[in-house]
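An overview of the molecular structure
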Amino acid sequence: MNDRFLRACRRQPTDCTPIWLMRQAGRYMPEYRAVRERYGFLEMVKRPEVAAAITMQPINAFALDAAIIFADILPPLEGMGIDLTFEQGEGPVIHNPLRTPADVAALRQPDPHETAAFTLEAIRLVRRELAGRVPLIGFSGAPFTLASYAIEGGGSRDYRRTKQFMYSQPEAWHLLMQKLTTLVIDYLLAQVEAGAQAVQVFDSWAGALAPFDYTIYVLPYVQQCATRLRETGVPTIYFGTDMNGLLPLLRQIDVDVLGVDWRIYLDDAWAQLGPGFAVQGNLDPTTLFAPWPELEQRATDILNRAGGREGHIFNLGHGIQTETPVENVRRLIEYVHEASQI
Ligand code: CP3
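Residues numbered from 1 in each chain as written. Predicted model: local features only at pLDDT ≥ 70, side-chain atom pairs only at ≥ 80, totals over all residues. Heavy atoms only, no water.

Considerations on the packing of aromatic side chains
In this structure the tally under the stated criterion is 8 aromatic pairs. Relative to Phe-70, the ring of Phe-41 lies with its centre 5.8 Å away and its plane at 85 degrees, an arrangement referred to as edge-to-face. Taken together, the positions of Phe-41 in helix H3 (residues 41-46) and Phe-70 in the loop between strand E1 (67-68) and strand E2 (84-87) put the pair 29 residues apart, joining distant regions of the chain. Note on accessibility: Phe-41 and Phe-70 belong to one class, buried. Between Phe-41 and Phe-86 the ring centres are 4.8 Å apart and the planes differ by 70 degrees, which places this aromatic pair in the edge-to-face class. Of this pair, Phe-41 sits in helix H3 while Phe-86 sits in strand E2, and the two are 45 residues apart along the sequence. (Phe/Tyr/Trp six-rings, centres within 6.5 Å; stacked < 30°, edge-to-face > 60°. Helix = DSSP H or I, 4+ residues; strand = E, 2+ residues; numbered from the N terminus. Buried < 20%, exposed > 50% of the residue type's maximum accessible area, 1.4 Å probe, protein only.)

Shown next, in the form of structure tokens:
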């Protein structure tokens, strides 16, 4: 079994640097688009055989060191009573966004064994299909990022409604964050039980917050998730974008790996986190549209900054983009393995 990814999460030596790519199963792959023609996005997530087959597509196409279960961060909110659709070209839309403390009080606390059974079954199918080839990563949205979708009703530029809710209804905010924290923990524990060998918590938009607000309104809940998940013994990864000003705070979180975006040098981020963390990242996903020599130079710089230290997982600083050239993805993966060999 290829366990480079799990070893790197635990800061153990590896024969070369492991690599996987956030959103590695997606529209940039012709195999994905072929399946997508036949199903809606949520339908793909909710059919375990389809989700399992899509999870395997990038594993069969490239020499990746980890699989990530094909799902999304938002469907688990449906079990709380949130009404979600994905609209053509618009992304996620929540039709009953949270606007009042009463809306928060009315949210159910679902059992993911019932409301996310499709993803748990997909995990079991993928583990069987992988037969130990590479480890399988499970994931969840983080409480803040989930709250931001639930309140805004979709994506947002400035998270104004979310921040307004936080500032003007602090009690309801804390209740919402506690309900979401319980959801994240229950959901990820169920994924580990189903066979996930590492878990990643996506706090994609928490970087919109000032450190002052992150400390009061978000950090305690991330910590609660991290502390409970650490008890499982599987490696835990916390990822966000635009969080480089928050790195000194993130040091407090009890996770094994921190995901870093491209807006900072990898060695600078690592120095701020200290030696107690593995680091995942941090190539700008748009670099994959560059001619190979430019892409190679940037990949080399990241490897040089990691400097052969134990605990580097090569990844992008955010998800791979829709029209990314497949050939560059293949070359990047091969190059990271070759160039980092000891
Ligand atoms: O990494 C993987 O391959 C696993 C699959 C995965 C998806 N979404 C599949 C997906 C993961 C880990 C996610 C996480 C996710 N989903 C995040 C956090 C990571 C990030 O990118 O910041 C967020 C914010 C979402 C919410 C979401 N889902 C949005 C905003 C969108 C629309 C944008 C888009 O790219 O279309 C999605 C849809 C989505 N999730 C797609 C995929 C493959 C595209 C759906 C399609 O085929 O139309």
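With respect to the site of the ligand
In the vicinity of the ligand there are 22 residues, among which Arg-23, Arg-27, Tyr-32, Ser-204 and His-318 approach most closely. The separation between an oxygen atom of the ligand and a polar side-chain atom of Tyr-32 is 2.5 Å. Notes on the ligand: free accessible area 870 Å², of which the protein chains cover 88%. When residues of the shell around the ligand are traced back to their parent elements, those giving at least two are helix H2 (30-36) and strand E3 (91-94). (Near = heavy atom within 4 Å. Polar contact = N/O pair within 3.5 Å; in protein donor to acceptor, adjacent residues only side chain to side chain. Areas by Shrake-Rupley, 256 points an atom, 1.4 Å probe, with all protein chains shown as cover.)

With respect to the nonpolar core
Judged by nonpolar contacts, the single largest core of 127 residues is most densely connected at Phe-5, Tyr-214, Tyr-238, Leu-250 and Leu-332. The contact partners of Leu-250, leaving out residues within four places of it in the chain, are Tyr-214, Tyr-238, Met-243, Leu-258, Leu-273 and Phe-277. (Core = buried A, V, L, I, M, F, W, Y, C linked by side-chain atoms within 4.5 Å. Contact = heavy atoms within 4.5 Å.)

Details of helix H14 (residues 292-306)
Taking 1.5 Å per residue, 15 residues should reach 21 Å; H14 reaches 21 Å between its end C-alpha atoms and fits that length. Turning to H14, its buried residues are Trp-292, Leu-295, Ala-299, Ile-302, Leu-303 and Ala-306. All buried residues of H14 project into a common sector of 100 degrees when viewed along the axis, lining one side. Along H14, exposed side chains directed more than 90 degrees from the buried face belong to Pro-293 and Asn-304. In this structure, the buried residues of H14 make contact with helix H13 (266-273), strand E8 (278-283), strand E9 (312-316) and helix H15 (326-339). Downstream of H14 by a residue or two, Gly-307 has a phi angle that is positive, lying close to 60 degrees. (Expected span 1.5 Å × (residues − 1). Arc of directions from axis to C-beta.)

Observations concerning the sheet that holds E1
With parallel pairing, 7 strands are arranged side by side in an open sheet as E1-E4-E5-E6-E7-E8-E9. Both outer strands of the open sheet, E1 and E9, are each paired with one neighbouring strand and no more. Relative to E8, strand E7 (residues 257-259) runs parallel, the two sharing 3 bridges. In the strand pairing of E8, Leu-258 is matched with Val-279. (Pairing = 2+ DSSP bridges.)

Topic: the pairing of E9
When you tally the buried positions in E9, you get 5 out of 5 residues, the bulk of the element. Pairing between E8 and E9: 5 bridges, direction parallel. In the strand pairing of E9, Gln-280 is matched with Ile-313. Chirality of the crossover, the property in question, places the unit of E8, H14 and E9 among those that are right-handed. (Right-handed = clockwise from strand over helix to strand, strands pointing away.)

Describing the layout of surface pockets
Looking at the largest pocket, its volume works out to about 1300 Å³. Residue lining of the largest pocket: 39 residues in total, with Arg-23, Arg-27, Phe-41, Asp-72 and Phe-86 positioned closest to the centre. Broken down by class, the residue content of the lining of the largest pocket amounts to 21 nonpolar, 12 polar and 6 charged. Approximately 270 Å³ is the volume found for the second largest pocket. A per-element tally of the lining of the second largest pocket places H14 first, with 3 residues. (1 Å grid on protein atoms, 1.4 Å probe; cavity = no way out; pocket = protein on both sides within 12 Å on 5 of 7 lines; lining within 4 Å. Points joined across faces, edges and corners; volume = space filled by probe spheres on them. Nonpolar A, V, L, I, M, F, W, Y, C, P; charged D, E, K, R; others polar.)

Quick word on the pairing of strand E4 (residues 136-141)
Summarising burial for E4: 6 of the 6 residues are buried, a large majority. As judged from the 2 bridges shared by E1 and E4, these two strands associate in the parallel manner. Each residue of the ladder has a partner; that of Ile-68, found in E4, is Ile-137. Judged from the 5 bridges that link them, E4 and strand E5 (residues 198-202) form a sheet pairing that is parallel. Paired with Ser-140 across the strands is Val-201, a residue of E5.

Digging into the pattern of salt bridges
Side-chain pairs of opposite charge can arise whenever the charged atoms involved come near each other. Per the counting criterion, the structure on display carries 15 salt bridges. A salt bridge links Glu-78 to Lys-46; the shortest N-O distance between them is 2.7 Å. Highlighted residues: Glu-78 in the loop between E1 and E2 and Lys-46 in helix H3, separated in sequence by 32 residues. Among the residues examined, Glu-78 registers a relative accessible area of 23% and is labelled partly exposed. Given a relative accessible area of 33%, Lys-46 falls into the partly exposed group. With its nearest N and O atoms 3.0 Å apart, the salt bridge here joins Glu-231 to Arg-228. For Arg-228, a relative accessible area of 32% translates into the label partly exposed. The network of salt bridges with common partners includes Arg-4, Asp-15 and Asp-65. (Salt bridge = Lys/Arg side-chain N within 4 Å of Asp/Glu carboxyl O.)

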